[in-house]
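Okay, here's what each chain looks like letter by letter:
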Amino acid sequence: MFKIATKINRMWFKNTRIAVIILCITVICSSCAALQKIKLNLESGSNTWSYLRSGFDLTADPQQPAIKQQLEWLRRHPRYLQIRMQNAKHYLYYVVKQTKQRNIPTEVALMPIIESGFNPLLISQAGAAGLWQLMPGTATGFGLEINWWYDARRDIVQSTKAALNYLDYLHGLFGSWPLAIAAYDSGEGTVLKALRYNLARQRPSDIWALKLPKETRSYIARLLAMQIMINNPEHYKINLPRIDAQPTFQTVTIKQQISLPLLARLSACNIKTLSTFN
């Protein structure tokens, strides 16, 4: 199995994870002595947006003030979703499939829109990286490797696994997906403090009743606003790009260093395509 690898400004990879795309392509064997064909087992040709909708499970009230505000903001800034949805076309099906396999609400698959704009190479000023914008401590705590050669936070497969593991942990801690997502954004300590404050005063403990940072409340509201818009794109006048519900890449492990230009020649893929997945 190929695995995905990334290292900014480096052309050589150690214990490389390489993502390979679309239908049937030629790849380098782990021995680098022969070539083989990999055929992707395509699922139905249905649209990924329908696949995504089928797993929506969070309550989203368009009249809730914070959600209503985000709906209005997204309506006034259509390019925000247009650009990010185009970026998502390479990765969204994979992320949705992982959430569904783990019985996680598929709204979670929209989190990379807010986190990184579905840009796996994005690095924040605070040091978070990848689709899921994982901080180094969180990433290594959930088993991701970060070294000179390879930062698994930019690995689509491994970072998604770690992010969902983290969210599963947070859900187990709080017993609520909105609270788990809030803790992903602001830290579990922040949510625990707000929750304990309300419980001690016999106040409601739902996401909108807690005293959370403004950024976190906006994060949850925007996620739920996107759920509402994707459920009813005609009403909100958004154009969802066609994303077939089928894999866009396959992974294969290679055991020694190889340059992207050489891999591109041997696999009949261009460097831009390989870079998109690596």
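Look up: the structure comes first, before these words.
Every chain's residues receive numbers from 1 upward, in the order its sequence appears when written. Reporting in this predicted model follows two pLDDT cut-offs: at least 70 for local features of residues, and 80 or more for side-chain atom pairs to be given and counted; totals over whole chains, interfaces and linings ignore these cut-offs and use all residues. Hydrogens are left out, water is left out, and the side-chain values use all remaining heavy atoms of the structure.

1. A closer look at the packing of aromatic side chains
Stage number 1. Aromatic rings from Phe, Tyr and Trp, with only the six-membered ring used for Trp, were paired whenever their centres fell within 6.5 Å, and each pair was classed as stacked if the ring planes differed by under 30 degrees, edge-to-face if by over 60, and tilted otherwise. Applying the stated rule across the entire model yields seven aromatic pairs.
Stage number 2. Measuring from centroid to centroid gives 5.4 Å for Tyr166 and Tyr184, while their planes differ by 40°, and the two rings are tilted. Separated by 18 residues along the polypeptide, Tyr166 in helix H7 (residues 156-174) and Tyr184 in helix H8 (residues 177-186) bring together distant segments of the chain.
Stage number 3. Here the aromatic residues Phe142, Tyr166, Tyr169 and Tyr184 are joined through ring pairs into a cluster of three or more. To qualify as a helix, a DSSP run of H or I must reach at least 4 residues; to qualify as a strand, a run of E must reach at least 2; elements of each kind are numbered from the N terminus.

2. Comments concerning the nonpolar core
Grouped burial of nonpolar side chains is what soluble globular proteins tend to show.
Stage number 1. Only buried residues count toward a nonpolar core. Its members are Ala, Val, Leu, Ile, Met, Phe, Trp, Tyr and Cys residues joined through side-chain atoms within 4.5 Å. Buried residues are those whose accessible area, probed at 1.4 Å on protein chains only, stays under 20% of the maximum for their type, while exposed residues exceed 50% and partly exposed ones sit between those limits. Met111, Trp132, Leu167, Ile181 and Tyr184 are the most contacted members of the largest nonpolar core, which has 73 residues in total.
Stage number 2. By residue number, the principal contributor to this core is helix H10 (residues 214-231), which donates ten residues.
Stage number 3. Note on definitions: a residue-residue contact is assigned when non-hydrogen atoms from the two residues lie within 4.5 Å. Setting aside residues no more than four positions away along its own chain, Trp132 makes contact with Val95, Val108, Met111, Pro112, Glu115, Ser159, Thr160, Ala163, Leu164, Leu167 and Tyr184.
Stage number 4. Counting seven residues, the second-largest nonpolar core is a separate cluster that includes Ile254, Leu260, Leu263 and Ala264.

3. A word on the environment of Tyr184
Stage number 1. Overall, the relative accessible area of 9% leaves Tyr184 in the buried class.
Stage number 2. A sequence separation of 14 residues divides Tyr184 from Leu170, and the C-alpha atoms of the two residues are 7.6 Å apart.
Stage number 3. Residue contacts for Tyr184: discarding those within four places in its chain leaves Met111, Glu115, Trp132, Leu134, Ala163, Tyr166, Leu167, Leu170 and Tyr219.

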